[in-house]
Amino acid sequence: MTTEQSGATGRSGTDPRPAPEGSPADGAEPAPDRATGEVESTSAAAGTSGSRADSDASADAADGDGDGKGSAGAGKDRDSAGDGDGDGDGGKSRRRSGRSGRDGRRKTADAGKNGRGATGPDQTTGPDQTGDPGSDRTTGTNKTTDTDPTGSAGTNKTSNTDQTAGTDGAEPADPWTAFGPAPEPVLGRARRTVRAVGRFLVHEWTLAAVAALALAAAMTWPTLRYPRYTLPQDHWDPSLQAWQMAWSGHILRTDPAMLWHSNTFFPENWSFAFSDTLLGYAPAGLLGVGPEHAVLRYNIMFVLAHALAAFGAYALARQLGAGRIGGAVAGAGFAYAPWLLAQAGHLHIISNGGIPLALAMLARGHGWSLRYGYRPRRRHAGWALAGWLVAAWQLSLGFGIGLPFAYLLAGVVLVSAVLWFVRRRRVKRPFGRRLFLADLFGGLVFAAVGGLLAIPFFKVAELHPNAARTLAEIQLYSPPASGLFTAPGESRVWGELHEGARAALPWPPEMTLLPGFALYALAAGGLFFSVWRVRHRLFLLAGVLVTMALAMGTRFLDGRFTYVPLFDYLPGWNGLRTPGRMMLWATLLLGLLAAGAVTAFCARVRELAAERVPPWPGPWLRLATLLPLALVLAEGLNVTPHPVVPQQPAVMRAVDGPLLVLPSSQNLDQPVMLWSTDRFQQMVNGGSGFTPASQARTREATVSFPDYASVDYLRQIGVRNVVVLRDQLGGTPWEGMLDRPVEGLGVTREQVGDAVVYRL
């Protein structure tokens, strides 16, 4: 056998192919991307002369080094010095025979000790040149030796035997598996469901929602103590709004086409649009029938409205970059500001949580944060669409606070379009197709809802010119600057202390606009110490000042540059009677300023805690981070009265319409509307933000009832029955009417409980 054949066959013992170019057999360095630490018996000397004498120098080098370096003729073996795979065990050996790195290191050590073999230290033959199997490092039954006295390459090569096999044929466990990751357990459907539910229950937003509900129940107590019989603040406007929810649910079940033509203010049409409708609560109106269910529904929605306001403001602050405690301060300050206690009887004002929640969703969908700026990778079309839908729902609750919100969104869209037009060469696709379609569809839904809801109100304005507001009326409800620091009487903390300041206000219920001294202080601190950038703090401050000026109506520079231009030129703005409700926006912006300050404070506390040994804050340091939240909540405590709702007369369940209930006035008619929720008979009675001319004529014509003129008038407009509430007549223009005779009028009179029914 020639030396060339010996070198060829000795490469693997089974593979007769010639050595590839660049291999150690050619006297060249191995390729840098290929491991050559395999037991490779072929030397440069054997490949060139085939004589044993020529390999002595290599053997001496192996004896003297023993560190994996070959002879000069063979070149430097870069893998033998240890490249992370072990000496003498390379990638080629692993691919063909599965030898471990530990076996390669053992073979290299043996070769260094013996000093025999061809030229490299990777020789695995024993001291006997014949390749005694007892000295062969390979194991198993497929040992291969070459008796060529030259000791050339090929000796002791094996390719099909697993080097890790034991001498008894059993295969031991691979020790390297101890360092690998354990396989993921395969969970069944039940365990996967339990795990998903557990993750949901401990998620931040779940905990925030539960906390908002619990806080709302506590802060509005005793609303839920007797939810079927009491109403917060008074029983006038809450009765009206309880009827509104009941009517919307009733008409959706029976005849949705008659939604805007309610059973009140007979014979007027479009009467459901005489005031804000709370139409977004119509699904709740589908549940239950009658006054008790209407009162229960109102109280539940009253508590939920507070919870949604706190949750929405929390979500907005968190999306903009505030911490959890900072977000909680923003949510509590927005939902439980002292000035809102005076609005406890106006559910359409309390129901404002959709505003910050929609803004949070829109910001999340567009990947925008006040603290971190625009992050395109965080864009999500679904959140943007959800934000538009929540905004549309908020608008359906009423234009009292929904109209400014609509103009704000319109302004944001306009500014965004202008900025895109200016930067279109640098940012050609700032949104992405899905986000653009979500904004387009969501914006169209929002505009459609607003447009459809506005039609009945414009129709009412056309039919009833006296429903329009005037600047003189706006001036009557415009608060002075002192109102921004005066709390309503319902405030537990400041109510009695501010009694003198309230006495100086022309109309305290709409002019006590204190958002909270704690909120003022935290917001002021946020101007100097905050996680927001300086320019963002200035923008928030500018928003606070502008909205406060708008809340003052005509009291700030006569409104010439603030409220009056909006009143004159923005469609629908002249329907807003009370400028003080713009304080809602100032409160939200103050809460965001405060959230920035509290977040920075909490970060500083964490830094101080890290410097402690051990590195965790003590109890007092932890409690200090909750102090701002406690102060804000303390100012939201209330002493709001919860009067008992007047009980429904039995006659309201027995008399058909159209009917008139006497005595009649704005306040007296609102409980009557609530009493009609059993049968929803048509009635002349009704209370709203204005008095229709037909209703005023009916009240004036029936002061002398029963007489010929009044009976004739009622028959002409279609009234069939007149119900007189005996216990309500005292002190009204109808006092003494029960003593008047009815002979000759064609009218019958009947006593039903405490009421008297005249059938025309």
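Each remark here, short or long, concerns the structure printed above.
Residues numbered from 1 in each chain as written. Predicted model: local features only at pLDDT ≥ 70, side-chain atom pairs only at ≥ 80, totals over all residues. Heavy atoms only, no water.

(A) Spatial organisation of the overall build of the protein. Regarding its fold elements, the protein presents 26 helices and six strands. Considering the protein as a whole, with its 760 residues, one finds that 51% of them fall into the buried category. Put simply, 73% of the contacts in the protein that link residues at least 6 apart link residues at least 24 apart. (Helix = DSSP H or I, 4+ residues; strand = E, 2+ residues; numbered from the N terminus. Buried < 20%, exposed > 50% of the residue type's maximum accessible area, 1.4 Å probe, protein only. Contact = heavy atoms within 4.5 Å.)

(B) Spatial organisation of the pairing of strand S5 (residues 748-752). Sheet analysis places S5 next to strand S6 (residues 755-759), joined by five bridges and oriented antiparallel. Looking across to S6, one finds that Val 752 is bridged to Ala 755. Hairpin connection, S5 to S6: the antiparallel pair is bridged by two residues, and Gly 753 has positive phi, about 65°. (Pairing = 2+ DSSP bridges.)

(C) Layout of helix H25 (residues 693-701). Looking only at H25, the buried set comprises Ser 694, Gln 695, Thr 698 and Arg 699. The buried side chains of H25 occupy one side of the element, clustering within an arc of 135° when seen end-on. The inward-facing, buried residues of H25 contact strand S3 (659-662), helix H24 (666-675) and helix H26 (708-717). (Arc of directions from axis to C-beta.)

(D) Representation of the nonpolar core in the model. Counting residues in hydrophobic clusters, the biggest one holds 123 residues, and the most contacted among them are Tyr 281, Leu 347, Phe 446, Met 548 and Met 583. Sort the elements by how many residues they give to this core and helix H10 (residues 291-320) lands first, with 17 residues. Filtering out sequence-adjacent residues up to four positions away, Met 583 remains in contact with Trp 339, Leu 484, Leu 513, Pro 515, Tyr 520, Met 548 and Ala 551. Core analysis: the second largest hydrophobic core is formed by 21 residues, Phe 705, Ile 717, Val 722 and Val 756 among them. (Core = buried A, V, L, I, M, F, W, Y, C linked by side-chain atoms within 4.5 Å.)

(E) Region of interest: the packing of aromatic side chains. Evaluation of the coordinates by the stated rule reveals 20 aromatic pairs. An aromatic cluster is present here, built from Trp 243, Trp 247, Trp 260, Phe 272, Phe 399, Phe 457 and Phe 680 joined pairwise through their rings. (Phe/Tyr/Trp six-rings, centres within 6.5 Å; stacked < 30°, edge-to-face > 60°.)

(F) Summary view of unusual backbone geometry. Cis geometry is found at the peptide bond from Trp 221 to Pro 222, where omega equals 15°. Mapping Pro 222 onto the fold places it in the loop between helix H7 (204-219) and helix H8 (237-254). Phi at Leu 557 takes a positive value of approximately 55°, unusual for a residue other than glycine. Looking at the element boundaries, Leu 557 is found in the loop between helix H20 (534-551) and helix H21 (563-569). With a phi close to 55°, Phe 680 is a non-glycine residue in the positive phi region. Inspection of the secondary structure puts Phe 680 in the loop between H24 and H25. For Phe 680, a relative accessible area of 11% gives the class buried.

(G) Looking closely at the pattern of salt bridges. This structure, assessed with the given rule, holds 10 salt bridges. A salt bridge links Glu 510 to Arg 581, with the shortest nitrogen-to-oxygen separation between them at 3.1 Å. In this pair, Glu 510 sits in the loop between helix H18 (499-503) and helix H19 (517-526) while Arg 581 sits in the loop between H21 and helix H22 (583-610), placing the two residues 71 residues apart along the sequence. Looking at Arg 581, the relative accessible area reads 15%, which means it is buried. Arg 679 is the partner of Asp 656 in a salt bridge, and the nearest nitrogen-oxygen pair spans 2.4 Å. Taken together, the residues span a long stretch of sequence, with Asp 656 in the loop between helix H23 (619-635) and S3 and Arg 679 in the loop between H24 and H25 at a distance of 23 residues. Judged by its relative accessible area of 36%, Asp 656 is partly exposed. Connected through salt bridges with shared partners, the residues Glu 204, Arg 318 and Arg 324 form a single ionic network. (Salt bridge = Lys/Arg side-chain N within 4 Å of Asp/Glu carboxyl O.)

(H) Examining the packing of helix H13 (residues 354-365) against helix H15 (residues 399-422) more closely. With their axes 11 Å apart at the nearest point, H13 and H15 run at an angle of 20° to one another. Taken as axis vectors, H13 and H15 run roughly parallel relative to one another. For the crossing formed where H13 meets H15, the hand is right-handed. The residues of H15 that touch H13, namely those facing Ile 355, Ala 358, Leu 359 and Leu 362, are Ile 401, Phe 405 and Leu 409. (Axes fitted to C-alpha atoms, helices over the stretch in contact; angles between N-to-C directions. Parallel < 35°, antiparallel > 145°, perpendicular 65-115°, else oblique. Left-handed = near helix turned anticlockwise from the far one by under 90°.)

(I) Structural view of the environment of Ala 391. Topologically, Ala 391 is positioned in helix H14 (residues 381-396). On the accessibility criterion, Ala 391 (0% relative accessible area) is buried. Separated by 34 residues in sequence, Ala 391 and Leu 357 place their C-alpha atoms 8.4 Å apart.

(J) Broad picture of the sheet that holds S3. An order of S3-S4-S6-S5 is seen for the four strands of this open sheet, with the pairing classed as mixed. Each having just a single partner strand, S3 and S5 make up the two edges of the open sheet. Pairs of neighbouring strands in the sheet enclose a mean axial angle of 20°, with direction left out of account.

(K) Just the environment of Trp 507, in detail. Tracing the sequence through the fold places Trp 507 in the loop between H18 and H19. Trp 507 sits in the partly exposed class, given a relative accessible area of 41%. For the pair Trp 507 and Ser 478, spaced 29 residues apart in the sequence, the C-alpha separation amounts to 8.8 Å.

(L) Seen up close, the packing of H7 against H10. One can describe the packing of H7 onto H10 by two numbers: an axis separation of 8 Å at closest approach and a directional angle of 140°. For the element pair H7 / H10, the angle class is oblique. In this structure, H7 crosses over H10, and the sense of that crossing is right-handed. For the pair H7 and H10, the contacting residues are Glu 204, Trp 205, Ala 208, Ala 209, Ala 212, Leu 213, Ala 216 and Ala 217 in the first and Val 303, Leu 304, His 306, Ala 307, Phe 311, Tyr 314, Ala 315 and Arg 318 in the second. Class assignment for the residues of the contact of H7 with H10 results in 13 nonpolar, one polar and two charged. (Nonpolar A, V, L, I, M, F, W, Y, C, P; charged D, E, K, R; others polar.)

(M) Examining the pairing of S3 more closely. In S3, alternate side chains face the same way, and those of Leu 659 and Val 661 on one face and Leu 660 and Leu 662 on the other are all buried. Judged from the four bridges that link them, S3 and strand S4 (residues 721-725) form a sheet pairing that is parallel. Each bridged residue has a counterpart across the sheet, and for Val 661 the counterpart in S4 is Val 723.

(N) Layout of the environment of Leu 362. Secondary-structure assignment places Leu 362 in helix H13. Exposure remark for Leu 362: the relative accessible area of 11% places this residue in the buried category. Between the alpha carbons of Leu 362 and Ala 381 there is a distance of 9.2 Å; along the sequence they are 19 residues apart. The contact partners of Leu 362, leaving out residues within four places of it in the chain, are Trp 383, Ala 384, Gly 387, Trp 388 and Leu 409.

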